[in-house]
Amino acid sequence: QVQLVESGGGLVQAGDSLRLSCAASGRTFYAMGWFRQAPGKERESVAGINGIGSTYYADSVKGRFTISRDIVKNTVALQMNSLKTEDTAIYYCAADQRLPLTNPNYWGQGTQVTVSS
């Protein structure tokens, strides 16, 4: 059974940092990434990374967020720095076999990130 399990969400203040992690089990994926969905908004892609380390980021997080992965441990992480209130959302780990992750087949359950002013 394939599972993606996120961890690391929480409540922080604007300007703080937070690190999200996602552990995959059941299979390995060439591409992994993060999406988020804020209240009343559509889900959006945040960042993605493939098996050779190629990455992409949403314009809104470039320079603040860094995605990384551990192929051996089958994990992906999202380091979020200089957080803004508009980063508040449920963050979802996603995985599939290619980048970009436009419509991935595998999803985690989500982890809440709340940034207060």
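Before reading on, note that the structure itself is shown above.
For the structure given in this document, a descriptive report is provided here. (Residues numbered from 1 in each chain as written. Predicted model: local features only at pLDDT ≥ 70, side-chain atom pairs only at ≥ 80, totals over all residues. Heavy atoms only, no water.)

1. Quick notes on the sheet that holds strand β1 (residues 3–7)
The pairing of strands in a sheet comes from backbone hydrogen bonds and takes either a parallel or an antiparallel form.
Inference 1: Reading across from one edge, β1-β3-β8-β7 is the order of the four strands in this open sheet, with antiparallel pairing throughout. The outermost strands of the open sheet, each flanked by one partner alone, are β1 and β7 (65–70). Within this sheet the neighbouring strands show an average axis-to-axis angle of 15 degrees, counted without direction. (Pairing = 2+ DSSP bridges. Helix = DSSP H or I, 4+ residues; strand = E, 2+ residues; numbered from the N terminus. Axes fitted to C-alpha atoms, helices over the stretch in contact; angles between N-to-C directions.)

2. A look at the pattern of salt bridges
Inference 1: One pass over the structure, following the stated rule, counts four salt bridges.
Inference 2: Glu 44 is the salt-bridge partner of Arg 36, the closest N and O atoms lying 2.6 Å from each other.
Inference 3: For Arg 36, a relative accessible area of 6% translates into the label buried.
Inference 4: For the salt bridge of Asp 87 with Arg 64, the shortest nitrogen-to-oxygen distance reads 2.7 Å. Here Arg 64 lies in the loop between β6 (55–57) and β7 and Asp 87 lies in the loop between β8 (75–80) and β9 (89–96), a separation of 23 residues in the sequence. (Salt bridge = Lys/Arg side-chain N within 4 Å of Asp/Glu carboxyl O. Buried < 20%, exposed > 50% of the residue type's maximum accessible area, 1.4 Å probe, protein only.)

So yeah, pure geometry; function would need other evidence.
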